[in-house]
Amino acid sequence: MGKSYKRSSFLVNPNLLWVVLIYLILVTAVYYYVLSDDLETLLALDDVRLIVESENFGVIAVMAAIYIINLLIIYWCSEQYFGLLSIKTDCIILHRPLKFSKRIRFDEIQSIGVDIGTTGAFWIYISSRNIPFKYHNKINRLTPKRGDIVFAYSDRAYDSLCAYLPKDLRKKLAASRSIFRLYE
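Just so it is clear, the model here is predicted, and its values are computed rather than measured. Within each chain, residue numbers correspond to sequence positions counted from 1 in written order. In view of the model being predicted, local features appear only for residues whose pLDDT reaches at least 70, and side-chain atom pairs are presented and counted only at 80 or more, with totals across whole chains, interfaces and linings using the full set of residues. Processing note: side-chain calculations cover all non-hydrogen atoms of the structure and skip hydrogens and water entirely.

## So, the sheet that holds strand 6 (residues 122–127)
Right, so step 1: Spatially, the 3 strands line up as an open sheet ordered 5-6-7, and their pairing is antiparallel. Two strands in the sheet have a free side with no partner beyond their single neighbour: strand 5 (111–116) and strand 7 (148–152). Along the sheet, successive strands turn relative to each other by an average axial angle of 15 degrees, direction set aside.
Right, so step 2: Any two strands with at least two DSSP bridges between them are considered paired. Numbering of helices and strands runs from the N terminus; a helix is a DSSP stretch of H or I covering at least four residues, while a strand is a stretch of E covering at least two. Two elements, strand 5 and strand 6, share 6 bridges in a ladder whose sense is antiparallel. By the bridge assignment for strand 6, Ser 111 is matched with Ser 127.
Right, so step 3: Strand contacts of helix 4 (residues 155–164): strand 5, strand 6 and strand 7, with the helix running at about 35 degrees to strand 6, the strand carrying the most contacts. Note on geometry: axes are C-alpha line fits, over the in-contact stretch for helices, and angles between N-to-C directions span 0 to 180 degrees. We call two residues in contact when some of their heavy atoms are within 4.5 Å.

## Examining the nonpolar core
Right, so step 1: Take the buried Ala, Val, Leu, Ile, Met, Phe, Trp, Tyr and Cys residues and link them wherever side-chain atoms come within 4.5 Å; each set so joined is a nonpolar core. Only protein chains enter the accessibility calculation, which uses a 1.4 Å probe; a residue whose area is less than 20% of its type maximum is buried, one above 50% is exposed, and one in between is partly exposed. Core analysis: the biggest nonpolar cluster contains 27 residues, and Leu 85, Ile 92, Val 114, Ile 126, Phe 151 and Leu 161 have the highest contact counts within it.
Right, so step 2: Apart from residues lying up to four places away in sequence, Phe 151 is in contact with Val 12, Gln 80, Leu 85, Trp 123, Ile 124, Ile 126, Ala 157 and Leu 161.

Right, here's the structure in full:
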């Protein structure tokens, strides 16, 4: 494990956050560079009917639709990849971008652990309900409800949870880490 990370608040996946931000900046810059002349031409037209009938409108509409779909996918996945997890004295809070925060008190936690997803990546889950068995080894398929926090595994997240969780929850989390030995 190397370094020891102990922070009570941390980004659940900072590397992916940077990759996505760079992706959005690059895609926006490319779209602007490629479509700037077409946009200027369309904006010079005064009538909405003329704008829709112009030959440039179809290209811009398709590119805009692709861009909006990208943003929606990123927003949909934002909880599991871009959240800020805070561990307080009595609860865990997942601050989600553009969404309400999720708060689970320690005494409400029924399931906590590390599991593997369908893609082969490891995930940490914290839930105020018992996770159904059908999500065993498919934890990333679980649609997180209000009392569920699921995010990609990292040593930083695991070490921070172990450092700040109460002893009984820490033991449950440590016991679930044996899954790594099965997939080595």
